[in-house]
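# Structural description and commentary
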Amino acid sequence: MVTVTPSGDGLHLRQAGIGRMFRAVVLAIVGAFFVIPILASARYSVLGVHNHITFSAYRSLFDDPNFRSSLWLSLQVAIATVILTGLLVIPTSIWVTVRIPKLRGLLDALSIVPLGVPSVVVVLGLLGAYHSILNLILTSPFILAPIYVMLALPYSYRTFDTAVRSLDINTLVEASQSLGASWTRTLTGVLLPNLRAGMVGALILAGAYALGEFVVASLLSFNTFPVYIVQIGLTAAAEAVAVSLVALLVAFIPLSLVTIFGGGRSKSTRRMRVAG
């Protein structure tokens, strides 16, 4: 009797098929864990008396001027946070990597300090130290932007620094400058296109943090969108669920931007564009 044993290629294909099936099952379970509560919330937000479908909760929500003003304020603060994060984190990480690599350890340690400092302590320290000096600035909601930049630093810096570490920046800088490119041209034409995924991810994380932060805005008495969600949740259940779904959509959009614009590698990662 002849025994036929599966070949190495057949065994490999079978293991690959089992792996794909296992991943599909895990993704289905995780997806159901997140999607089912969202669908239940959506059903509750449109369910009226005698189980009739109604969008009265959404109509009253969008007719509320506080909804529009709080959402617009949060979007403005998030945009300011993204701009400040881009101006601070991206050049600093690249400059330290290229010019002062010995300080990378110190920068890594400083970037995680906000994780150990509660937001309440940050606000109280800010009010105690600068209230008499920067009274006009502290009354502006845009004071939230630098605070959010600092609190989001562990996420934004780590995301961008991971992209920096995965790229041989020193070689790219030397090659670019040997061809006569200036530092500005090297940064905009060579480094940033290759770091696009990390850069977009860091900026979107900073913006998402600004859109969802509640403690600092509440302590400083600014009616941002998260503060509005908590306030309306105390008085109207259906409107609270509706505004939570709107907030989920607002958070989903930037995450989708990360996938669309930051997921792939641009053509500039395949060829280095420098000025002669």
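Now for a description of the structure that goes with this document. Sequence order as written defines residue numbering, which begins from 1 separately in each chain. The model is predicted, so local features are restricted to residues of pLDDT at least 70 and side-chain atom pairs to those at 80 or more, both for listing and for counting; the totals for chains, interfaces and linings are taken over all residues. Note that water and hydrogens are dropped before the side-chain values are worked out from all heavy atoms of the structure.

### A short note on the overall build of the protein chain
- Scanning the protein chain from N- to C-terminus turns up 14 helices and zero strands.
- The Shrake-Rupley method, run with a 1.4 Å probe sphere, supplies the accessible areas, and residue values consider only the shown protein chains as cover. Of the roughly 16,500 Å² of accessible surface on the protein chain, 70% is carried by carbon and sulfur atoms. A run of DSSP states H or I qualifies as a helix once it reaches four residues; a run of E qualifies as a strand once it reaches two. Both are numbered from the N-terminal end.

### A few points about the packing of helix α3 (residues 65-99) against helix α10 (residues 183-194)
- Close contact between α3 and α10 brings their axes to 13 Å; oriented N to C, the two are set at 105°. Regarding the angle of α3 to α10, the classification is roughly perpendicular. Note on element contacts: α10 touches α3 through W183, L187, L191 and L192, opposite I90, I94, W95, V98 and R99.
- In this classification, the charged set is Asp, Glu, Lys and Arg, the nonpolar set is Ala, Val, Leu, Ile, Met, Phe, Trp, Tyr, Cys and Pro, and all remaining amino acids, among them Gly, are polar. Here the residues of the contact of α3 with α10 are counted per class, giving eight nonpolar, no polar and one charged. Between N-to-C directions, angles span 0 to 180 degrees; the directions come from axes that are lines fitted to C-alpha atoms, helices contributing only their stretch in contact. Throughout this description, any angle smaller than 35 degrees is read as roughly parallel, any larger than 145 degrees as roughly antiparallel, any in the 65 to 115 degree range as roughly perpendicular, and the remainder as oblique. In what follows, a contact means two residues having at least one pair of non-hydrogen atoms within 4.5 Å.

### Points about the side chain of D108
- Its place among the elements puts D108 in helix α4 (residues 104-111).
- Three labels apply to residues, based on accessible area from a 1.4 Å probe with only protein chains included: buried if under 20% of the type maximum, exposed if over 50%, partly exposed otherwise in between. Its relative accessible area of 13% is what places D108 among the buried residues.
- Polar contacts here mean pairs of N or O atoms no more than 3.5 Å apart (in protein, one a potential hydrogen donor and the other a potential acceptor; neighbouring residues in sequence count only if both atoms are side-chain atoms). A polar side-chain atom of D108 sits 2.9 Å from a polar atom in the side chain of Y157.
- The residues contacting D108, other than those within four sequence positions of it, are Y157, R158, D161 and R165.

### Things to note about a nonpolar patch on the surface
- Here, patches come from residues exposed beyond 30% relative accessible area and free of salt bridges, joined within 9 Å for like charges and within 5 Å for nonpolar side chains (Val, Leu, Ile, Met, Phe, Trp, Tyr). The salt bridge definition used is simple: a Lys or Arg side-chain nitrogen within 4 Å of an Asp or Glu carboxyl oxygen. On the surface, F22, V26, V30, F33, F34, V35 and L39 cluster together into a nonpolar patch covering about 720 Å² of accessible area.
- Secondary-structure assignment places L39 in helix α1 (residues 8-45).

### Observations regarding unusual backbone geometry
- Non-glycine residue S221 carries a positive phi angle of around 65°.
- Mapped onto the elements, S221 comes out in the loop between α12 (215-219) and α13 (225-233).

### Considering the environment of L167
- Mapped onto the elements, L167 comes out in the loop between α8 (153-165) and α9 (169-178).
- Separated by 27 residues in sequence, L167 and N194 place their C-alpha atoms 8.0 Å apart.
- Discounting chain neighbours no more than four positions away, the residues touching L167 are L172, N194 and L195.

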